[in-house]
Amino acid sequence: MPALVVVLAAVLPATGCGSTAAGGNTDVDMPADYEDILAARYDETFPDDRVLTVHILMEDPDWQAMQAEPLAKEYYRADIWIDDELVEDVAVRTKGSSSLSQAASSEGFRAGLKVDFNFFNSARSYHGIKKLCYSNGFSDPTLMKEFLGYEVMAAMGIPTPRACFVDLWVNDVHLGVYTQVEAGDARFVEEHFADGDGNLYKPEIAAGRLDWTEEDVAAQAAVTGGTAPDGQASTTTTTTESFNLGGGDLEEIIERSGDTGWIPGRLDTAAGDANSTTTTLSGRAGFRGGGGRPGFTNQSSDYLTSVGLKTNKEKADYSRLYDLLKVLNSEPDEVTTEALEDVLDVDEVLRYLAVSAALVHLDNYIGMGHNYYLYEDGGRFSIIPWDLNMCFGGFDSGLSEEQILGFFIDEPTSASVDQYPLVEQLMSEPEYLETYHAYLRELLEGPFSVERMTARIDELAGLIRPYVEKDGNVSFEQFEQGLKENLSGQTRGWAAGGMFIGLTYFVEQRTASIAAQLSGQEPAGSGDGSGNGGSVGLGMPGDRGAMGGGAGMGDGAGMGDGAGMGGGRFQPGGADDGGSPPGGFPGGAGGGG
């Protein structure tokens, strides 16, 4: 990525590990030079200097069925061409929540998709990758927020999925410009962490703010009449949904075949009555807080289901997660830094919070309380970012444009800080707060500087502009306007969660606000712990507690390793067996670009 390296080198003096952030007075463990991190991030599989052409080839009846019922998230057999490389016999389904609902209610078909390479054959992959996600740029007319957000996260040394731009086709239907993202699964953690065998979680809303404990799990089990698993002997293997395959429910298919073992997405209803009603628990004894616990419905938002264990399900062990939750949900003045660092990679989480606050990404932990992965690496937990299409203030949580651009850095939560124990614990410790400030300065001087971001936005716009112009599913006018300016004619709540603030305008205003807060020229917090005065959901300002419980809204299928299921491939009409896309498809051997 030579162009980017040149730009970065021109605007930022190198800062290495152990350097002192400019304007700060403490040494912090800075990540390696971010130019090097980003240069190593991109390759032929995930390039940043070209747009890949992707063709998914399905049997026509399957393609018609997917378009007719996109919310079913049924898996269908397909072949996929990524540029001139063919991978046969993969599984593809729709993905998303609010983005998928919008796609389902819109004319045409522009849903997000997930491709599972080893669904039918456990040995199959794409350059070692088992799953790829194709994001449709929901609520983002510039189609680049997700890419930029992942890049800033990665530049700060945070384990981050790779992403690139693609021009996506299904059969002869042009879906347009999408973002291709590698899945956060067992393979991903093996590559990014010293201990690749730990538990990987993808928490959803009921459990995602981590404001619950083992005692709450036991209380839920008592209400539903089930037995709460202890940390070592849990047999809970649930996710928030089952899968469908080729028009049929995967549960039914497996049952008819006589296989009663665990399969991806299998729902285990033995822990309680599947018909149980939504129940509210009282405050937990022995821990701060009190009042009502989030409501839950069996198999949709009980804590152990909602926390979304993705690996090691056959021998589920929640003991270290319970240790983390016990520390987080204790009174801050009773928790030592040693106790926190025993259960948490504090430095990595501080970097994640700094980027989240800078990007005002309220569709993750600091807002809705989902769209992230939690990974247990050698007994300590780290956060992996996910689903960044609504960063750059795209999800407002009931906040005004002024509140988003001036988002408090010392109370970086949409609602009251005490609803986010991870933030409250770390921001309550002066040493950690100082380190967090140093990372914010690092962002302002490097990965999130006005100079760097303006150059990068211009560079990416030039890359995808010819494809956006030919993409009949999006507005080219809004694409161009959104690069720099707020979209005209849009009202609050547009596209399920916020306004659209022009990208470069956001960067200019947000970096100025962060700098003023760091210098003391502007307040860095509310002063009363109320955070930024919004909600934890889609509510209006002051609607604290909105959507505090209930079923998760994310893509609940998860990213865990799929079991190989065997089976042959189909040969779509016109498909070649050679090393180029099939003739007759746009961009293929016999078609135009």
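Criteria and cut-off values
- Residues numbered from 1 in each chain as written.
- Predicted model: local features only at pLDDT ≥ 70, side-chain atom pairs only at ≥ 80, totals over all residues.
- Heavy atoms only, no water.
- Helix = DSSP H or I, 4+ residues; strand = E, 2+ residues; numbered from the N terminus.
- Buried < 20%, exposed > 50% of the residue type's maximum accessible area, 1.4 Å probe, protein only.
- Contact = heavy atoms within 4.5 Å.
- Areas by Shrake-Rupley, 256 points an atom, 1.4 Å probe, with all protein chains shown as cover.
- Pairing = 2+ DSSP bridges.
- Core = buried A, V, L, I, M, F, W, Y, C linked by side-chain atoms within 4.5 Å.
- Axes fitted to C-alpha atoms, helices over the stretch in contact; angles between N-to-C directions.
- Left-handed = near helix turned anticlockwise from the far one by under 90°.
- Nonpolar A, V, L, I, M, F, W, Y, C, P; charged D, E, K, R; others polar.
- Patch = residues over 30% accessible without salt bridge, like charges linked within 9 Å, V, L, I, M, F, W, Y side chains within 5 Å.
- Salt bridge = Lys/Arg side-chain N within 4 Å of Asp/Glu carboxyl O.
- Lys, Arg positive; Asp, Glu negative; His and termini not counted.
- Charge placed at Lys NZ, Arg CZ, Asp CG, Glu CD.
- Phe/Tyr/Trp six-rings, centres within 6.5 Å; stacked < 30°, edge-to-face > 60°.
- Lys NZ or Arg CZ within 6 Å of the ring centre and 35° of its normal.
- pLDDT = per-residue confidence, 0-100.

Would you mind going over the overall build of the protein chain with me for this structure?
Within the protein chain, the secondary structure is distributed over 19 helices and twelve strands. Counting across all 593 residues of the protein chain, residues that qualify as buried make up 59%. The contacts of the protein chain with a sequence gap of at least 6 include a subset with a gap of at least 24, amounting to 72%. In the structure as shown, the protein chain presents an accessible area of about 20,600 Å², 48% of it carried by carbon and sulfur atoms.

Is there a simple way to think about unusual backbone geometry in this case?
Backbone phi values are negative for most residues with the exception of glycine, while trans is the configuration of most peptide bonds. Of note, the phi angle at Leu210 is positive, near 60°, even though the residue is not glycine. With respect to the helices and strands, Leu210 occurs in the loop between α7 (205-208) and α8 (214-224). With relative accessibility at 1%, the residue Leu210 sits in the buried group. In this structure, Asn312 is a non-glycine residue whose phi angle is positive, near 55°. Tracing the chain through its elements places Asn312 in the loop between α10 (303-306) and α11 (319-328).

Looking at this model, I keep getting lost on the pairing of strand β12 (residues 380-385). Mind explaining?
Burial analysis of β12 places five of its six residues in the buried class, the great majority of the element. In this structure, strand β11 (residues 372-377) lies alongside β12, joined through six bridges in antiparallel fashion. Looking at the pairing, Tyr372 lines up with Pro385 of β12. Counted between consecutive antiparallel strands, the loop separating β11 from β12 contains two residues, among which Gly378 sits at a positive phi close to 60°.

Hey, could you run me through the nonpolar core in this one?
In globular proteins that are soluble, nonpolar side chains generally tend to be buried together. Met144, Trp212, Leu321, Phe392, Leu426 and Tyr436 are the most contacted members of the largest nonpolar core, which totals 111 residues. Per-element accounting of this core gives the leading share, ten residues, to helix α13 (residues 346-359). Excluding its chain neighbours within four sequence positions, the residues that come into contact with Met144 are Phe165, Ile457, Leu460, Ala461, Ile464, Phe479, Leu483 and Leu503. If you look at the next biggest cluster of nonpolar residues, it comprises 29 residues, including Met58, Val87, Leu132 and Leu175.

Can you walk me through helix α5 (residues 145-155) in this structure?
A turn of α-helix holds 3.6 residues, and therefore any two residues three or four places apart point the same way. Of all eleven residues making up α5, eleven are buried, and the element is well covered by its neighbours. Within α5, burial applies to Lys145, Glu146, Phe147, Leu148, Gly149, Tyr150, Glu151, Val152, Met153, Ala154 and Ala155. At the C-terminal side of α5, Gly157 shows a positive phi close to 75°.

Sorry if this is basic, but what is going on with the pairing of strand β6 (residues 163-170) here?
Put simply, side chains in a regular strand alternate between the two faces of the sheet. In terms of burial, β6 is largely enclosed, as eight of its eight residues are buried. As defined by bridge partners, strand β1 (residues 52-58) adjoins β6 across five bridges and the pair is classed as parallel. Each bridged residue has a counterpart across the sheet, and for Val54 the counterpart in β6 is Leu168. By the bridge criterion, eight bridges tie β6 to strand β7 (residues 173-182) in an arrangement that is antiparallel. Within the sheet, the bridge partner assigned to Trp169 lies in β7 and is His174. The hairpin turn running from β6 into β7, its antiparallel successor, is two residues long, and Asn171 in that turn takes a positive phi close to 50°.

I'm lost on the packing of α5 against α13 in this one. Help?
Two numbers describe a pair of packed helices, the interaxial angle and the distance between the axes. One can describe the packing of α5 onto α13 by two numbers: an axis separation of 9 Å at closest approach and a directional angle of 145°. Crossing handedness for the pair α5 and α13: right-handed. For the pair α5 and α13, the contacting residues are Gly149, Val152 and Met153 in the first and Tyr352, Val355, Ser356 and Leu359 in the second. Grouping the amino acids of the contact of α5 with α13 by side-chain chemistry returns five nonpolar, two polar and no charged.

Help me out: how do you make sense of the sheet that holds strand β8 (residues 200-201) in this one?
An order of β8-β11-β12 is seen for the three strands of this open sheet, with the pairing classed as antiparallel. Strand pairing shows two members of the sheet lacking a second neighbour, β8 and β12, which therefore form its edges.

What is the right way to look at a negative patch on the surface in this model?
Taken together, Glu338, Glu341, Glu431 and Glu434 make up a surface patch of like negative charges. Along the chain, Glu434 falls in helix α16 (residues 430-445). Among the residues examined, Glu434 registers a relative accessible area of 31% and is labelled partly exposed.

How do you make sense of the pattern of salt bridges when you look at a structure like this?
When their charged atoms lie close together, side chains carrying opposite charge are able to pair. Across all of its chains, the model carries 21 salt bridges by this definition. A salt bridge links Asp471 to Arg110, with the shortest nitrogen-to-oxygen separation between them at 3.3 Å. Placement of the pair is Asp471 in the loop between α17 (450-469) and α18 (476-482) and Arg110 in the loop between α4 (98-105) and β4 (112-116), with a sequence separation of 361 residues. According to the relative accessible area criterion, Asp471 is buried, its value standing at 2%. One salt-bridge network, in which partners are shared between bridges, spans Asp43, Arg162, Glu182, Arg187 and Glu191.

Got a minute to help me understand the packing of aromatic side chains in this structure?
Two descriptors summarise a pair of aromatic rings, namely the distance from one centre to the other and the angle between the planes of the rings. Throughout the structure, instances matching the rule amount to 16 aromatic pairs. Ring centres 4.9 Å apart and planes at 25° place the aromatic pair Phe147 and Phe165 in the stacked group. One end of the pair, Phe147, is in helix α5; the other, Phe165, is in strand β6, with 18 residues separating them in the sequence. Phe147 gets classed as buried once you look at its relative accessible area, which sits at 1%. Residue Phe165 is classed as buried on the basis of its relative accessible area of 1%. Three or more aromatic residues joined by ring pairs form one cluster here, namely Tyr201, Tyr318, Tyr322 and Phe381. The ring of Phe120 carries the charged tip of Arg77 above its face, separated from the ring centre by 4.0 Å. Lying across the ring of Tyr420, Arg209 places its NZ or CZ 5.9 Å from the centre.

Any chance you could explain the environment of Val87 here in plain terms?
Topologically, Val87 is positioned in strand β3 (residues 85-95). Here Val87 falls in the buried class, since its relative accessible area comes to 8%. Residues Val87 and Ile56, 31 residues apart in the sequence, show an inter-C-alpha distance of 9.8 Å. In contact with Val87, other than residues within four places in its own chain, are Asp79, Ile80, Phe117, Arg124, Ser125 and Tyr126.

Got a minute to help me understand the confidence of the model for the protein chain in this structure?
Interpretation of the predicted coordinates at a detailed level should be avoided for regions scoring low in pLDDT. Averaged over every residue, the pLDDT of the protein chain is 78; the share at 70 or more is 68%. This stretch, residues 1-27, has a pLDDT under 50; its non-local contacts, to residues over four places away or in other chains, come to 55 contacts. Between residues 232-244, whose pLDDT stays under 50, and residues either more than four places distant or in other chains, the model counts 59 contacts.

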